[in-house]
Amino acid sequence: MTIWEAVAVCAAGVGAGAINTVVGSGTLLTFPVLLAVGLPSVTANVSNALGLVPGSVSGAIGYRRELRGQRRRVLVLSAVAFVGALVGAVLLVALPSSAFDKIVPALIGIALLLVAVQPWLARVAERRREKHGTTARPNGGVMLSTGMLFSSAYGGYFGAAQGIIYLALMGLFLDEPLQRINAVKNVLGALVNATAAVFFLFVADFDWTAVLLIAVSSAVGGQFGALVGRRLPPTALRVIVVTVGVAAIIQQLLR
(Lines give C-alpha, C1' and ligand atoms only; values in the text may rest on other atoms or scores of the structure.)
Protein backbone atom coordinates (compact mmCIF):
# COMPACT_ATOMS: atom_id res chain seq x y z
CA MET A 1 0.00 0.00 0.00
CA THR A 2 1.45 3.36 -1.05
CA ILE A 3 1.42 6.43 1.18
CA TRP A 4 -1.39 8.00 -0.83
CA GLU A 5 -3.43 4.82 -0.68
CA ALA A 6 -2.91 4.80 3.09
CA VAL A 7 -4.08 8.43 3.26
CA ALA A 8 -7.19 7.51 1.27
CA VAL A 9 -7.96 4.61 3.60
CA CYS A 10 -7.52 6.85 6.66
CA ALA A 11 -9.79 9.54 5.21
CA ALA A 12 -12.44 6.92 4.48
CA GLY A 13 -12.03 5.57 8.01
CA VAL A 14 -12.64 8.97 9.60
CA GLY A 15 -15.72 9.48 7.45
CA ALA A 16 -17.00 5.97 8.14
CA GLY A 17 -16.58 6.34 11.91
CA ALA A 18 -18.51 9.63 11.88
CA ILE A 19 -21.27 8.35 9.57
CA ASN A 20 -21.68 5.11 11.53
CA THR A 21 -22.18 7.09 14.73
CA VAL A 22 -24.70 9.53 13.26
CA VAL A 23 -26.55 7.20 10.89
CA GLY A 24 -24.84 3.95 9.89
CA SER A 25 -23.50 2.97 6.44
CA GLY A 26 -19.87 3.89 7.00
CA THR A 27 -19.00 0.68 5.18
CA LEU A 28 -20.12 2.41 1.99
CA LEU A 29 -17.05 4.66 2.33
CA THR A 30 -14.38 2.23 3.44
CA PHE A 31 -15.28 -0.89 1.46
CA PRO A 32 -14.99 0.71 -2.01
CA VAL A 33 -11.68 2.36 -1.03
CA LEU A 34 -10.25 -0.97 0.09
CA LEU A 35 -11.28 -2.49 -3.22
CA ALA A 36 -9.71 0.45 -5.06
CA VAL A 37 -6.32 -0.10 -3.37
CA GLY A 38 -6.32 -3.70 -4.59
CA LEU A 39 -7.75 -5.87 -1.83
CA PRO A 40 -9.90 -8.87 -2.84
CA SER A 41 -13.57 -8.36 -1.98
CA VAL A 42 -13.79 -10.87 0.88
CA THR A 43 -10.50 -9.69 2.39
CA ALA A 44 -11.69 -6.10 2.08
CA ASN A 45 -14.99 -6.97 3.76
CA VAL A 46 -13.52 -8.78 6.74
CA SER A 47 -10.68 -6.25 7.18
CA ASN A 48 -13.28 -3.49 7.11
CA ALA A 49 -15.43 -5.23 9.71
CA LEU A 50 -12.53 -5.57 12.14
CA GLY A 51 -11.18 -2.07 11.46
CA LEU A 52 -14.53 -0.38 12.14
CA VAL A 53 -14.93 -1.95 15.61
CA PRO A 54 -12.98 0.85 17.42
CA GLY A 55 -15.01 3.47 15.56
CA SER A 56 -18.28 1.86 16.62
CA VAL A 57 -17.11 1.64 20.23
CA SER A 58 -15.96 5.26 20.09
CA GLY A 59 -19.36 6.37 18.82
CA ALA A 60 -21.17 4.39 21.51
CA ILE A 61 -19.04 6.04 24.20
CA GLY A 62 -19.83 9.44 22.72
CA TYR A 63 -23.55 8.69 23.12
CA ARG A 64 -23.27 7.30 26.66
CA ARG A 65 -25.52 10.05 28.12
CA GLU A 66 -28.40 8.97 25.86
CA LEU A 67 -27.95 5.36 27.01
CA ARG A 68 -28.97 6.12 30.60
CA GLY A 69 -32.02 4.13 31.67
CA GLN A 70 -31.75 1.72 28.73
CA ARG A 71 -29.57 -0.98 30.28
CA ARG A 72 -32.14 -3.78 30.13
CA ARG A 73 -33.15 -2.87 26.58
CA VAL A 74 -29.53 -2.86 25.45
CA LEU A 75 -28.90 -6.26 27.06
CA VAL A 76 -31.97 -7.85 25.45
CA LEU A 77 -31.27 -6.47 21.98
CA SER A 78 -27.55 -7.22 22.30
CA ALA A 79 -28.30 -10.91 22.80
CA VAL A 80 -30.42 -10.90 19.65
CA ALA A 81 -27.79 -8.93 17.71
CA PHE A 82 -25.02 -11.32 18.75
CA VAL A 83 -26.86 -14.36 17.40
CA GLY A 84 -27.78 -12.56 14.19
CA ALA A 85 -24.23 -11.32 13.61
CA LEU A 86 -22.81 -14.80 14.04
CA VAL A 87 -25.31 -16.21 11.54
CA GLY A 88 -24.42 -13.49 9.04
CA ALA A 89 -20.70 -14.08 9.40
CA VAL A 90 -21.20 -17.80 8.76
CA LEU A 91 -23.26 -17.00 5.66
CA LEU A 92 -20.48 -14.80 4.28
CA VAL A 93 -18.10 -17.75 4.39
CA ALA A 94 -20.62 -20.35 3.22
CA LEU A 95 -22.57 -18.56 0.45
CA PRO A 96 -21.66 -16.63 -2.70
CA SER A 97 -22.00 -12.89 -2.25
CA SER A 98 -23.99 -12.41 -5.48
CA ALA A 99 -27.17 -13.96 -4.06
CA PHE A 100 -27.28 -11.71 -1.02
CA ASP A 101 -26.11 -8.57 -2.82
CA LYS A 102 -29.18 -8.65 -5.05
CA ILE A 103 -31.52 -7.93 -2.15
CA VAL A 104 -29.36 -5.27 -0.47
CA PRO A 105 -30.94 -2.30 -2.36
CA ALA A 106 -34.42 -3.57 -1.49
CA LEU A 107 -33.51 -3.91 2.19
CA ILE A 108 -32.09 -0.41 2.31
CA GLY A 109 -35.11 0.99 0.46
CA ILE A 110 -37.54 -0.58 2.92
CA ALA A 111 -35.50 0.78 5.82
CA LEU A 112 -35.52 4.29 4.36
CA LEU A 113 -39.27 4.16 3.86
CA LEU A 114 -39.70 3.14 7.50
CA VAL A 115 -37.43 5.96 8.68
CA ALA A 116 -39.28 8.52 6.56
CA VAL A 117 -42.76 7.53 7.75
CA GLN A 118 -41.73 6.60 11.29
CA PRO A 119 -43.24 9.75 12.92
CA TRP A 120 -46.59 9.02 11.26
CA LEU A 121 -46.43 5.33 12.20
CA ALA A 122 -45.50 6.28 15.77
CA ARG A 123 -48.58 8.53 16.00
CA VAL A 124 -50.80 5.75 14.64
CA ALA A 125 -49.35 3.29 17.14
CA GLU A 126 -49.82 5.76 19.99
CA ARG A 127 -53.49 6.33 19.05
CA ARG A 128 -54.06 2.58 18.99
CA ARG A 129 -52.43 2.20 22.40
CA GLU A 130 -54.61 4.99 23.80
CA LYS A 131 -57.72 3.41 22.29
CA HIS A 132 -56.98 0.00 23.79
CA GLY A 133 -55.48 1.31 27.02
CA THR A 134 -52.04 -0.25 26.47
CA THR A 135 -48.49 1.09 26.49
CA ALA A 136 -45.49 0.54 24.23
CA ARG A 137 -43.38 -2.46 25.21
CA PRO A 138 -40.10 -1.21 26.70
CA ASN A 139 -38.01 -3.63 24.62
CA GLY A 140 -40.16 -3.64 21.49
CA GLY A 141 -41.63 -7.11 21.85
CA VAL A 142 -41.23 -10.11 19.56
CA MET A 143 -41.64 -8.11 16.36
CA LEU A 144 -38.66 -5.88 17.12
CA SER A 145 -36.49 -8.79 18.25
CA THR A 146 -37.28 -10.70 15.06
CA GLY A 147 -36.47 -7.71 12.88
CA MET A 148 -33.26 -7.04 14.78
CA LEU A 149 -32.21 -10.68 14.40
CA PHE A 150 -32.45 -10.52 10.61
CA SER A 151 -30.88 -7.07 10.33
CA SER A 152 -27.99 -8.20 12.56
CA ALA A 153 -27.48 -11.21 10.29
CA TYR A 154 -27.28 -8.77 7.39
CA GLY A 155 -24.78 -6.71 9.40
CA GLY A 156 -22.61 -9.75 10.08
CA TYR A 157 -22.63 -10.50 6.36
CA PHE A 158 -21.89 -7.05 4.94
CA GLY A 159 -23.26 -4.22 7.09
CA ALA A 160 -23.89 -1.37 4.64
CA ALA A 161 -26.91 0.59 5.93
CA GLN A 162 -27.30 -1.73 8.90
CA GLY A 163 -27.58 1.32 11.15
CA ILE A 164 -30.40 2.71 9.00
CA ILE A 165 -32.32 -0.55 9.34
CA TYR A 166 -31.77 -0.51 13.11
CA LEU A 167 -33.05 3.07 13.37
CA ALA A 168 -36.11 2.22 11.28
CA LEU A 169 -37.03 -0.85 13.34
CA MET A 170 -36.48 0.68 16.76
CA GLY A 171 -38.19 3.91 15.73
CA LEU A 172 -41.25 1.88 14.79
CA PHE A 173 -41.48 -0.33 17.88
CA LEU A 174 -40.01 1.82 20.66
CA ASP A 175 -41.59 4.90 22.18
CA GLU A 176 -38.31 6.82 22.45
CA PRO A 177 -36.73 9.97 20.93
CA LEU A 178 -34.56 9.33 17.89
CA GLN A 179 -31.35 10.32 19.69
CA ARG A 180 -31.86 7.69 22.42
CA ILE A 181 -32.60 5.10 19.74
CA ASN A 182 -29.43 6.18 17.93
CA ALA A 183 -27.42 5.55 21.10
CA VAL A 184 -28.69 1.96 21.28
CA LYS A 185 -27.96 1.57 17.57
CA ASN A 186 -24.32 2.49 18.16
CA VAL A 187 -23.90 -0.15 20.87
CA LEU A 188 -25.50 -2.84 18.73
CA GLY A 189 -23.43 -1.83 15.71
CA ALA A 190 -20.23 -2.18 17.73
CA LEU A 191 -21.34 -5.59 18.97
CA VAL A 192 -22.22 -6.87 15.49
CA ASN A 193 -18.93 -5.66 14.00
CA ALA A 194 -16.95 -7.19 16.85
CA THR A 195 -18.79 -10.52 16.70
CA ALA A 196 -18.29 -10.87 12.94
CA ALA A 197 -14.66 -9.77 13.17
CA VAL A 198 -13.78 -12.32 15.87
CA PHE A 199 -15.39 -15.07 13.79
CA PHE A 200 -13.49 -13.97 10.68
CA LEU A 201 -10.20 -14.11 12.60
CA PHE A 202 -10.42 -17.90 12.49
CA VAL A 203 -11.67 -18.42 8.94
CA ALA A 204 -10.61 -15.53 6.70
CA ASP A 205 -7.54 -13.57 5.64
CA PHE A 206 -7.06 -9.96 6.81
CA ASP A 207 -4.97 -7.13 5.48
CA TRP A 208 -3.57 -5.95 8.79
CA THR A 209 -2.32 -2.63 7.42
CA ALA A 210 -5.84 -1.76 6.32
CA VAL A 211 -7.26 -2.95 9.65
CA LEU A 212 -4.88 -0.73 11.63
CA LEU A 213 -5.48 2.36 9.48
CA ILE A 214 -9.25 2.02 9.63
CA ALA A 215 -9.22 1.21 13.36
CA VAL A 216 -7.34 4.39 14.30
CA SER A 217 -9.11 6.71 11.87
CA SER A 218 -12.62 5.38 12.55
CA ALA A 219 -12.11 5.87 16.30
CA VAL A 220 -11.37 9.53 15.62
CA GLY A 221 -14.36 9.75 13.31
CA GLY A 222 -16.62 8.13 15.89
CA GLN A 223 -15.91 10.88 18.42
CA PHE A 224 -16.51 13.56 15.81
CA GLY A 225 -19.76 11.89 14.75
CA ALA A 226 -20.99 11.75 18.35
CA LEU A 227 -20.12 15.42 18.87
CA VAL A 228 -22.12 16.49 15.84
CA GLY A 229 -24.86 13.84 15.72
CA ARG A 230 -26.16 14.20 19.26
CA ARG A 231 -26.76 17.92 18.63
CA LEU A 232 -28.89 17.36 15.53
CA PRO A 233 -32.67 17.77 15.86
CA PRO A 234 -34.75 14.67 14.97
CA THR A 235 -35.84 16.07 11.62
CA ALA A 236 -32.27 16.87 10.54
CA LEU A 237 -31.08 13.43 11.65
CA ARG A 238 -33.91 11.82 9.71
CA VAL A 239 -32.97 13.79 6.56
CA ILE A 240 -29.35 12.63 6.90
CA VAL A 241 -30.49 9.03 7.30
CA VAL A 242 -32.59 9.19 4.13
CA THR A 243 -29.85 10.99 2.16
CA VAL A 244 -27.16 8.49 3.09
CA GLY A 245 -29.55 5.63 2.45
CA VAL A 246 -30.41 6.85 -1.05
CA ALA A 247 -26.69 7.12 -1.81
CA ALA A 248 -26.28 3.56 -0.52
CA ILE A 249 -28.97 2.26 -2.85
CA ILE A 250 -27.45 4.04 -5.84
CA GLN A 251 -24.00 2.68 -5.03
CA GLN A 252 -25.29 -0.86 -4.66
CA LEU A 253 -27.19 -0.68 -7.96
CA LEU A 254 -24.10 0.61 -9.78
CA ARG A 255 -21.79 -2.14 -8.45
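As the structure is a computational prediction, the values presented were derived from the model and not from experiment.

Conventions and cut-offs
Residues numbered from 1 in each chain as written. Predicted model: local features only at pLDDT ≥ 70, side-chain atom pairs only at ≥ 80, totals over all residues. Heavy atoms only, no water. Helix = DSSP H or I, 4+ residues; strand = E, 2+ residues; numbered from the N terminus. Buried < 20%, exposed > 50% of the residue type's maximum accessible area, 1.4 Å probe, protein only. Contact = heavy atoms within 4.5 Å. Areas by Shrake-Rupley, 256 points an atom, 1.4 Å probe, with all protein chains shown as cover. pLDDT = per-residue confidence, 0-100. Patch = residues over 30% accessible without salt bridge, like charges linked within 9 Å, V, L, I, M, F, W, Y side chains within 5 Å. Salt bridge = Lys/Arg side-chain N within 4 Å of Asp/Glu carboxyl O. Polar contact = N/O pair within 3.5 Å; in protein donor to acceptor, adjacent residues only side chain to side chain. Phe/Tyr/Trp six-rings, centres within 6.5 Å; stacked < 30°, edge-to-face > 60°. Core = buried A, V, L, I, M, F, W, Y, C linked by side-chain atoms within 4.5 Å. Axes fitted to C-alpha atoms, helices over the stretch in contact; angles between N-to-C directions. Parallel < 35°, antiparallel > 145°, perpendicular 65-115°, else oblique. Left-handed = near helix turned anticlockwise from the far one by under 90°. Nonpolar A, V, L, I, M, F, W, Y, C, P; charged D, E, K, R; others polar.

Focus on the overall build of the protein
Working step 1: Secondary structure summary: the protein contains 12 helices and zero strands in total.
Working step 2: When the helices and strands of the protein are read in sequence order from the N terminus, they spell out α-α-α-α-α-α-α-α-α-α-α-α.
Working step 3: In the protein, which comprises 255 residues, the proportion classed as buried is 53%.
Working step 4: Within the protein, contacts between residues separated by at least 24 positions form 83% of all contacts whose residues are at least 6 apart in sequence.
Working step 5: As displayed, the protein offers around 11,800 Å² of accessible surface, 70% of which is attributable to carbon and sulfur atoms.

Some details on the confidence of the model for the protein
Working step 1: For the protein, the average pLDDT comes to 82, and 86% of its residues sit at 70 or higher.
Working step 2: Ranking the elements of the protein by mean pLDDT puts helix H6 (residues 97-101) last, at 67, and helix H5 (residues 71-94) first, at 92.

Section: a nonpolar patch on the surface
Working step 1: On the surface, Phe82, Val83, Leu86, Val87, Val90, Leu149 and Phe150 cluster together into a nonpolar patch covering about 590 Å² of accessible area.
Working step 2: Of all the elements in the fold, those that place two or more residues in the nonpolar patch are H5 and helix H8 (141-157).
Working step 3: Residue placement: Phe150 occurs in helix H8.

A look at helix H4 (residues 53-62)
Working step 1: Among the 10 residues in H4, seven count as buried, and that is most of the element.
Working step 2: Regarding H4, the residues found buried are Val53, Gly55, Ser56, Ser58, Gly59, Ala60 and Gly62.
Working step 3: Close packing links the buried residues of H4 with helix H1 (3-22), helix H3 (41-51), helix H10 (178-203) and helix H11 (208-229).

Points about the environment of Leu144
Working step 1: Mapping Leu144 onto the fold places it in helix H8.
Working step 2: On the basis of relative accessibility, which here comes to 0%, the residue Leu144 falls in the buried class.
Working step 3: Separated by 25 residues in sequence, Leu144 and Leu169 place their C-alpha atoms 6.5 Å apart.
Working step 4: Not counting residues within four places of it along the chain, the set of residues in contact with Leu144 comprises Leu77, Asn139, Leu169, Met170, Phe173 and Leu174.

Section: the side chain of Thr21
Working step 1: Considering the arrangement of structural elements, one finds Thr21 in helix H1.
Working step 2: Polar contacts involving the side chain of Thr21 include one to the main-chain carbonyl oxygen of Gly222, which spans 3.4 Å.
Working step 3: Not counting residues within four places of it along the chain, the set of residues in contact with Thr21 comprises Gly55, Gly59, Tyr63, Asn182, Lys185, Asn186, Gly222, Gly225 and Ala226.

Thoughts on the environment of Gly171
Working step 1: Among the secondary structure elements, Gly171 is positioned in helix H9 (residues 162-173).
Working step 2: In this structure Gly171 comes out as buried when scored by relative accessible area, which is 3%.
Working step 3: Considered as a pair, Gly171 and Pro119 are 52 residues apart in the sequence and their alpha carbons are 8.2 Å apart.

Focus: the packing of aromatic side chains
Working step 1: If you walk through the whole model with that rule in mind, you get two aromatic pairs.
Working step 2: With a centroid separation of 6.0 Å and an interplanar angle of 65 degrees, the aromatic rings of Phe199 and Phe200 are classed as edge-to-face.

Observations regarding the nonpolar core
Working step 1: Counting residues in hydrophobic clusters, the biggest one holds 64 residues, and the most contacted among them are Met148, Met170 and Phe200.
Working step 2: Top contributing element to this core by residue count: H10, with 10 residues.
Working step 3: Discounting residues that sit within four places of it in the chain, Met170 has contacts with Leu77, Leu144, Met148, Ile181, Val184 and Lys185.

Focus on the pattern of salt bridges
Working step 1: Counted under the stated rule, the structure contains three salt bridges.
Working step 2: A salt bridge links Glu66 to Arg65; the nearest nitrogen and oxygen atoms lie 3.9 Å apart.
Working step 3: Of the residues examined, Glu66 reaches a relative accessible area of 11% and is grouped as buried.
Working step 4: For Arg180, the salt bridge identified is with Glu176, shortest N-O distance 2.8 Å.
Working step 5: Take Glu176: its relative accessible area is 21%, and that puts it in the partly exposed class.
Working step 6: A single network of salt bridges, built from pairs that share partners, joins Arg73, Glu176 and Arg180.

Some words on the packing of H1 against H11
Working step 1: The geometry of H1 relative to H11 is characterised by a closest axis approach of 6 Å and an angle of 40 degrees between their N-to-C directions. If you check the angle between H1 and H11, you find them oblique. Crossing angle aside, the handedness with which H1 passes H11 is right-handed. Residues Ala6, Val9, Cys10, Gly13, Val14, Gly17, Ala18, Thr21 and Val22 of H1 form the contact with H11, whose own contacting residues are Ala210, Leu213, Ile214, Ser217, Ser218, Gly221, Gly222, Phe224, Gly225, Ala226 and Gly229.
Working step 2: Of the residues that constitute the contact of H1 with H11, the class distribution is 11 nonpolar, nine polar and no charged.

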